[in-house]
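These are the residues of each chain, in order.
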Amino acid sequence: VQLQAFGGGLVQAGGSLRLSCVASGSIAVINTMGWYRQALEKERELVATITSTIGITQYADSVKGRFTISRVNANNTIYLEMNSLKPEDTAVYYCNYKHVWVPQESWGQGTELTVSS
């Protein structure tokens, strides 16, 4: 599965931005897709995930109430709506795909978000 992410950029604190990720290839009907991020000199961390079936979501505590993940299965696309952005949200955001039943995982190329104070 190949993933292509879009939408990063430079935003002022308090602003909003939406990331998109399109999956292509042999996509399992049952899968989980999501966003992770890695700030400079920090480990990659989970931001949000969403399942393909009934759309169960999971969020990092640091983004709850500010970020919303969604998906359109027909287009194999997920979105991350980010509001009330903070400088600490600055990171490279990576799209992720995981097959639920077999150990198959893919990562996108990353899209950079910079939030200025």
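Here, the structure is the one placed above.
Residues numbered from 1 in each chain as written. Predicted model: local features only at pLDDT ≥ 70, side-chain atom pairs only at ≥ 80, totals over all residues. Heavy atoms only, no water.

Let us now look at the state of the cysteines. Tallying each qualifying case throughout the model produces one disulfide. For Cys21, the disulfide goes to Cys95, at an S-S distance of 2.0 Å. Residues Cys21 and Cys95 are joined by a disulfide whose S-S torsion is about -90 degrees; by sign, that bridge is left-handed. Of this pair, Cys21 sits in strand β3 (residues 17–24) while Cys95 is found in strand β9 (residues 91–99), placing the two residues 74 residues apart along the sequence. Residue Cys95 is classed as buried on the basis of its relative accessible area of 0%. (Disulfide = S-S within 2.5 Å. Helix = DSSP H or I, 4+ residues; strand = E, 2+ residues; numbered from the N terminus. Buried < 20%, exposed > 50% of the residue type's maximum accessible area, 1.4 Å probe, protein only.)

Moving on, we come to the nonpolar core. Among soluble globular proteins, nonpolar side chains are generally buried collectively. Of all hydrophobic cores here, the largest spans 28 residues; its most connected members are Trp35, Leu80, Met82 and Tyr93. Only β1 (2–6), β3, β4 (31–38), β5 (45–51), β7 (67–72), β8 (77–82), β9 and β11 (111–116) provide two or more residues apiece to this core. (Core = buried A, V, L, I, M, F, W, Y, C linked by side-chain atoms within 4.5 Å.)

To continue, consider the side chain of Arg71. As for its position among the elements, Arg71 is in strand β7. Polar contacts involving the side chain of Arg71 include one to the side chain of Asn31, which spans 3.0 Å. A distance of 3.1 Å separates a polar side-chain atom of Arg71 from the backbone oxygen of Ile50. (Polar contact = N/O pair within 3.5 Å; in protein donor to acceptor, adjacent residues only side chain to side chain.)

A word on the environment of Ser62. In this structure, Ser62 sits in the loop between β6 (57–59) and β7. Judged by its relative accessible area of 38%, Ser62 falls in the partly exposed class. Between the alpha carbons of Ser62 and Gly8 there is a distance of 19 Å; along the sequence they are 54 residues apart. Reaching out from Ser62, the side chain makes a polar contact with the side chain of Arg37 at a distance of 3.3 Å.

Located in the positive-phi region is Asn76, a residue other than glycine, with phi close to 50 degrees. With respect to the helices, strands and loops of the structure, Asn76 is situated in the loop between β7 and β8. Judged by its relative accessible area of 27%, Asn76 falls in the partly exposed class. A positive phi angle is found at Ser84, which is not glycine, with a value near 50 degrees. Considering the arrangement of structural elements, one finds Ser84 in the loop between β8 and β9.

Side-chain direction in a regular strand flips from residue to residue, so the side chains alternate between the two faces of the sheet. Relative to β3, β1 runs antiparallel, the two being bridged by five bridges. In the strand pairing of β3, Ala5 is matched with Cys21. Pairing between β3 and β8: six bridges, direction antiparallel. Bridge pairing links Cys21 to Ile78 in β8. (Pairing = 2+ DSSP bridges.)

What follows deals with the packing of aromatic side chains. For the coordinates displayed, the defined rule picks out one aromatic pair. Seen in terms of ring centroids, Tyr36 and Trp107 are 5.1 Å apart; in terms of plane orientation they differ by 70 degrees. Their pairing is edge-to-face. Placement of Tyr36 in strand β4 and of Trp107 in strand β10 (residues 105–107) is noted, with a sequence separation of 71 residues between them. When its relative accessible area of 13% is taken as the criterion, Tyr36 is described as buried. What makes Trp107 partly exposed here is its relative accessible area of 35%. Here the guanidinium or amino end of Arg44 rests over the ring plane of Tyr94, the centre of that ring lying 3.8 Å away. Taking the ring centre of Trp107 as reference, the NZ or CZ of Arg44 above it sits at 4.5 Å. (Phe/Tyr/Trp six-rings, centres within 6.5 Å; stacked < 30°, edge-to-face > 60°. Lys NZ or Arg CZ within 6 Å of the ring centre and 35° of its normal.)

Purely geometric numbers; function is a separate question.
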